[in-house]
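# A structural walkthrough
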Amino acid sequence: MSRFGEVDDQYDPHALEQRVFDYWDDVDAYEQTVEHRSDGDSFFFVDGPPYTSGSAHMGTTWNKSLKDVYIRFLRMQGYDVTDRPGYDMHGLPIETRVEERLGFENKKDIEEFGEDEFIRECKEYADEQLEGLQSDFQDFGVWMDWDDPYRTVEPEYMEAAWWGFSKAAERGLVEKGHRSISQCPRCETAIANNEVEYEDVEDPSIYVKFDLQDREGSVVVWTTTPWTIPANTFVAVDPDLTYQGVRAEREGEEEVIYVAEDCVEGVLKEGRYDDYEVLETLTGEEMVGWEYEHPLAEEVPDHVDVDDALQIYDAEYVEADRTGLVHSAPGHGEEDFERGRELGLPIFCPVAGDGVYTDQAGTYEGQFVKEADEEIIADLEDNGAMLSSGTVHHSYGHCWRCDTGIVQIVTDQWFITITDVKDELLDNIEDSEWHPQWARDNRFRDFVEEAPDWNVSRQRYWGIPLPVWTPEDRDDDEDMIVISDREELVERVDQEIEYDSVDLHKDTVDELTITEDGKTYTRVPDVFDVWLDSSVASWGTLNYPSDDSRFDELWPADLILEAHDQTRGWFWSQLGMGTAALGESPYQEVLMHGHALMPDGRAMSKSKDILIDPHEAIDRHGRDVMRLFLLSNNPQGDDMRFSWDGMQTMEDNLRTLWNVFRFPLPYMRLDGFDPQETTLDEVDTNLELIDEWVLARLQSTKAEMTEAFEDYRQDKALEALLEFVVEDVSRFYVQAVRERMWEEEDSASKEAAYATIYRVLRETVALLAPYAPFVSDEIYGTLTGGAEHDTVHMCDWPDVEEYWVDDQLEEDVAFLRAIEEAGANARQQAGRKLRWPVPRVVVAADDERVAEAVERHTDLLEDRLNAREIELVSAENRWEELRYSAEADMSELGPAFGGRAGQVMNALNEARIDEPDLEALEAAVADVLEEGESIEESMVSFVTETPDDIAGTAFSLDGDDRGVAYVDASLTADIESEGYAREVIRRVQEMRKDLDLDVEERIVLEVEIDDDRVASLVEDREDLIREEVRADDLRTVEDGHRKEWDVDGVAMEIALEPVAAAEASD
RNA sequence: GGGCCAAUAGCUCAAUUAGGUUGAGCGCCACUCUGAUAAGGUGGAGGCUCUCGGUUCAAAUCCGAGUUGGCCCA
């Protein structure tokens, strides 16, 4: 790009972003930037791998944009940042997609198709999805190492998981166990609790009577899963809860039932009983030990019937809900299972992995459990055990992938027993710093405290195989071999295999055996839970252990950055694995952001088609705008509502920046300004106050941004930058500096302005670069013309330069701007347009600082307020035309007046006095003061009241009133003369524009005004008019552009034509 | 059903991290400026600070209960 070259008139994001993409390609911008920092201190960032199914949605886009902004910022601070993106490519979601694609219904179809073929299909599918995600991320302008992502399906990565698992095994944390798990009967595998999705469904709701053995009557239990009744083993009560036995009557028949006292009415109503009487009241504890008969004893001959079974026991999970008694089947529920084991009861589970009853289920054998509900209900009714049968809407767990209702069963699974290292886990939490901190101390800690052992085995195909071999004669963890990597595998297996050709997927290791000490070991056929894959990312991303060159230097990660759903996901799985394998937390800092919500606050949902597509956002506003919008949201914990208005605002801000940037270019180009020659140091002595001011503001902006960035609040940093660009540079500095740039001759002042705005723009684009990488680079290229780096992203993060820091000047100008604003307000009140001069503006300063500021910048104020004179009334003097009222300070009034403070405040606010002193004020509010009370100086501040003919507006800084600007709007002939002349000038300018005349084009002008007085006033300023509108001649115009105007009731007719045209027609 | 977080102007968010008369930007309306012009300026309307209770002279802020939304878990 050539320095100060022509740029688009309008900010056009699409053309610009395409140009920049091409440019980045041409100069290898990313590669250069990485290389540029290769000697810097290393910063180990680890990318949380998105799952490769579906495309990038707004949440992923926000996540990657956040990662990008921090990576770019860190690079600019000089760090050599690891930026390897990752993809999570194994697991059930992909298997189910592929099954759908191939039209499969269950595991049998897969077995027939062939395991190796199926794995190949899964890999192909995952690769396709990866491509889609990669191209999206690149399209968003995210700079990561796209040529070399870590993929959880590569052997290098898979052995990172093997290695971690083997380390955990070495520490004795790997165990095979009989546990109650959530099983998807379609996928025929255990699924993790966090893979269970709850949905509202209609299920049976049955109240069942269990007949008591040693006494009359029955206990009543309630359940929504009739299919678990065959496995009933005991009934649970709350020992402290009060229960009642009641004799209830229905259609003339009586029976005795036991339920919790609070549930009596509800149960009897449910069973349509007519009447009842209470027989006894007792605690749950008193009921413990009662024996009952299994209601399906005949249908299920194998039901649990040991001595201690079919009794009432106490349990913690009982609530006074429905009946207050809980049907408990250790084979079909985690809590029941735990309690059943404590009680030493058998764990009876007559259901296989596919959800079908086994032969242990008696007459129900061969039926799918959910389908057996109906028959079981019928049988219970026949037995007389059914008190009531209906349906209920409630939420029930479903498989996250195939949406099949889960069943709780007991199976053999492999676990990492993280409960054995719970204390270590809790300690390790302390070693990481979270933003926001509450996420760690409340949410994460609670979760870790509650976390059960981690079931890592899945009975599926597309995953990392468990590296566990067991002896042929037993399949528990007693004598297992855990292989840690490919090298060990090649060495120990019986078969001849090549290191480089072991893919490590199931089809390549299933047949391998190990024979040692005369014993042959075979592989456990399970694959890992997919959460285990990403849990080893902190070393997997380094290809450790196969490549150990950087592990010692980098590990653990300096930063990870994900959304709050990962508290129970990746934040947790990494901590668990890191602790189990290495005894340490694998990350040091966590930035936890929220979710992207719809504009109305709903969650986005792809399946329900409730979403904002990032591609649409880009089509409408461009990448930079989308990123700015996303990054303007608080990244710590809060959710983000997407907003098209917010997007538009960011586009407006960028357009303002674009206008500021292109404004000085033509002048710099014409004057041949060379920023390398004409540096700020060079023009230092010629800098005007406004230049020094904008440079001072630049320093405080940098300081504020750096602080916010280091606090992981890039949104605050962005706010500071945009305020600087829009408020300070665009609305104030550029306005003030324009005339200096229009000067045609060379001048020191103009050079100073060039050097100043150049520095401001040059640093601004560096500050903006992490957020809006495209527009920043284009501006940078135009400003530097190749004299510096090839891309702005190689720049250092701009540091504060003490030399230009000037807090006092910043405050001065803040005062002036406040005064100017108040003056403009007062003008409007007085009904005087800015175009018309006013004879004087009186500034009443409340303190010395304000007075100083006004004295030093009188000219600037005169100019901007279009006042003939600025009159300063200093703090110690009073402007005698004023009256006063008082404003109460409640922080003083409150303690002094207690409950009457509000009353006193109102009286003070209404008081009007001539002199601002306390005596006069006390007299004015005497009627609300009681004996001995007085108004102290600290309680009030006096406020001036505006006199007639003069409009006054108070100005303040940071919320504190600092004085008042009074505009005297009285008219004199001189002022009217200039006012009307300006009215004419403005209209002529507009007509010049109608004709599309060049700025320099000379014209001939004719002005006709009927009102003689106004005509003569305008005539007095003929010279001014001619100069301003470049009129060579004031005379009758024959064929020119002619228009009639009404200027506040005065009719004017104006005509003009270019001199050239006028001469031609003469 | 439980845990965590949030709730302030039409929208997005602030309110100096142990209370003191609620603010900004955007949007809307009116006016205004015009050599950045699909810009700029000024003003206006718009708030029982989600509800109820408590502590206090004083609560958006502290405490308790609830409502709604989000995430996680059951």
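First, a word on what this report is: a plain description of the structure on this page. (Residues numbered from 1 in each chain as written. Chains lettered and ligands numbered in written order. Predicted model: local features only at pLDDT ≥ 70, side-chain atom pairs only at ≥ 80, totals over all residues. Heavy atoms only, no water.)

Below, the discussion takes up the overall build of chain A. The helix and strand tally for chain A stands at 38 helices and 38 strands. Its C-alpha atoms give chain A a radius of gyration of 40 Å, clearly above 31 Å, the size a compact globule of 1066 residues would have. Once the C-alpha set of chain A is aligned to its principal axes, its extents read approximately 120 × 85 × 55 Å. Burial analysis of chain A (1066 residues in total) assigns 56% to the buried set. Of the roughly 45,700 Å² of accessible surface on chain A, 40% is carried by carbon and sulfur atoms. Of the side-chain charges in chain A, 93 are positive and 262 negative, and the distance between the mean point of each set is 5 Å. (Helix = DSSP H or I, 4+ residues; strand = E, 2+ residues; numbered from the N terminus. Rg over C-alpha atoms; globule rule 2.2 N^0.38 Å. Buried < 20%, exposed > 50% of the residue type's maximum accessible area, 1.4 Å probe, protein only. Areas by Shrake-Rupley, 256 points an atom, 1.4 Å probe, with all protein chains shown as cover. Lys, Arg positive; Asp, Glu negative; His and termini not counted. Charge placed at Lys NZ, Arg CZ, Asp CG, Glu CD.)

Time to look at the packing of helix 4 (residues 92-102) against helix 6 (residues 115-139). At a minimum axis separation of 9 Å, helix 4 and helix 6 run at an interaxial angle of 105°. By the angle between their axes, helix 4 is roughly perpendicular relative to helix 6. On helix 6, the residues that touch Ile94, Glu95, Arg97, Val98, Glu99, Arg101 and Leu102 of helix 4 are Phe118, Glu121, Cys122, Tyr125, Ala126 and Glu128. Class assignment of the residues belonging to the contact of helix 4 with helix 6 gives a composition of seven nonpolar, no polar and six charged. (Axes fitted to C-alpha atoms, helices over the stretch in contact; angles between N-to-C directions. Parallel < 35°, antiparallel > 145°, perpendicular 65-115°, else oblique. Contact = heavy atoms within 4.5 Å. Nonpolar A, V, L, I, M, F, W, Y, C, P; charged D, E, K, R; others polar.)

This part covers the pattern of salt bridges. Applying the stated criterion to the full structure yields 77 salt bridges. Note that Asp453 and Arg179 form a salt bridge whose closest N and O atoms lie 3.5 Å from each other. On the criterion of sequence distance, the pair formed by Asp453 in the loop between helix 13 (437-450) and strand 18 (454-455) and Arg179 in strand 5 (residues 174-184) is long-range, its members being 274 residues apart. Summarising the burial analysis for this pair, Asp453 and Arg179 share the class buried. Between Asp671 and Lys750 there is a salt bridge, and its shortest N-O distance comes to 2.9 Å. Here Asp671 is found in helix 23 (residues 665-671), whereas its partner Lys750 is found in helix 27 (residues 748-768), with 79 residues between them in sequence. A single network of salt bridges, built from pairs that share partners, joins Arg697, Glu727, Asp728, Arg731, Glu810 and Arg817. (Salt bridge = Lys/Arg side-chain N within 4 Å of Asp/Glu carboxyl O.)

Within the element layout of this structure, Leu997 appears in the loop between helix 35 (973-994) and strand 35 (1003-1009). Take Leu997: its relative accessible area is 19%, and that puts it in the buried class. Residues in contact with Leu997, not counting those within four places in the same chain, are Arg992, Ile1003, Leu1056 and Pro1058.

Note on aromatic pairs: each is described by the distance of the centres and the angle between the planes. For the coordinates displayed, the defined rule picks out 43 aromatic pairs. Note on Trp24 and Phe774: the rings are 4.9 Å apart at their centroids and 25° apart in plane angle, and the pair reads as stacked. Linking Trp24 in helix 1 (residues 13-27) with Phe774 in helix 28 (residues 773-784), this pair joins segments that are 750 residues apart in sequence. Each member of the pair, Trp24 as well as Phe774, carries the same accessibility label: buried. On the numbers, 5.8 Å between centres and 85° between planes, the contact of Phe234 with Tyr313 is edge-to-face. You can see Phe234 sitting in strand 9 (residues 234-237) and its partner Tyr313 sitting in strand 13 (residues 312-314), a full 79 residues away along the chain. In this structure Tyr313 comes out as buried when scored by relative accessible area, which is 12%. Every member of this aromatic cluster is reached through a ring pair, and the members are Tyr70, Phe73, Phe709, Tyr712, Tyr771 and Trp797. When the ring centre of Trp290 is taken as reference, the NZ or CZ atom of Arg215 above it lies at 3.9 Å. One Lys or Arg, Arg620, reaches over the ring of Trp644 and ends 3.5 Å from the middle of that ring. (Phe/Tyr/Trp six-rings, centres within 6.5 Å; stacked < 30°, edge-to-face > 60°. Lys NZ or Arg CZ within 6 Å of the ring centre and 35° of its normal.)

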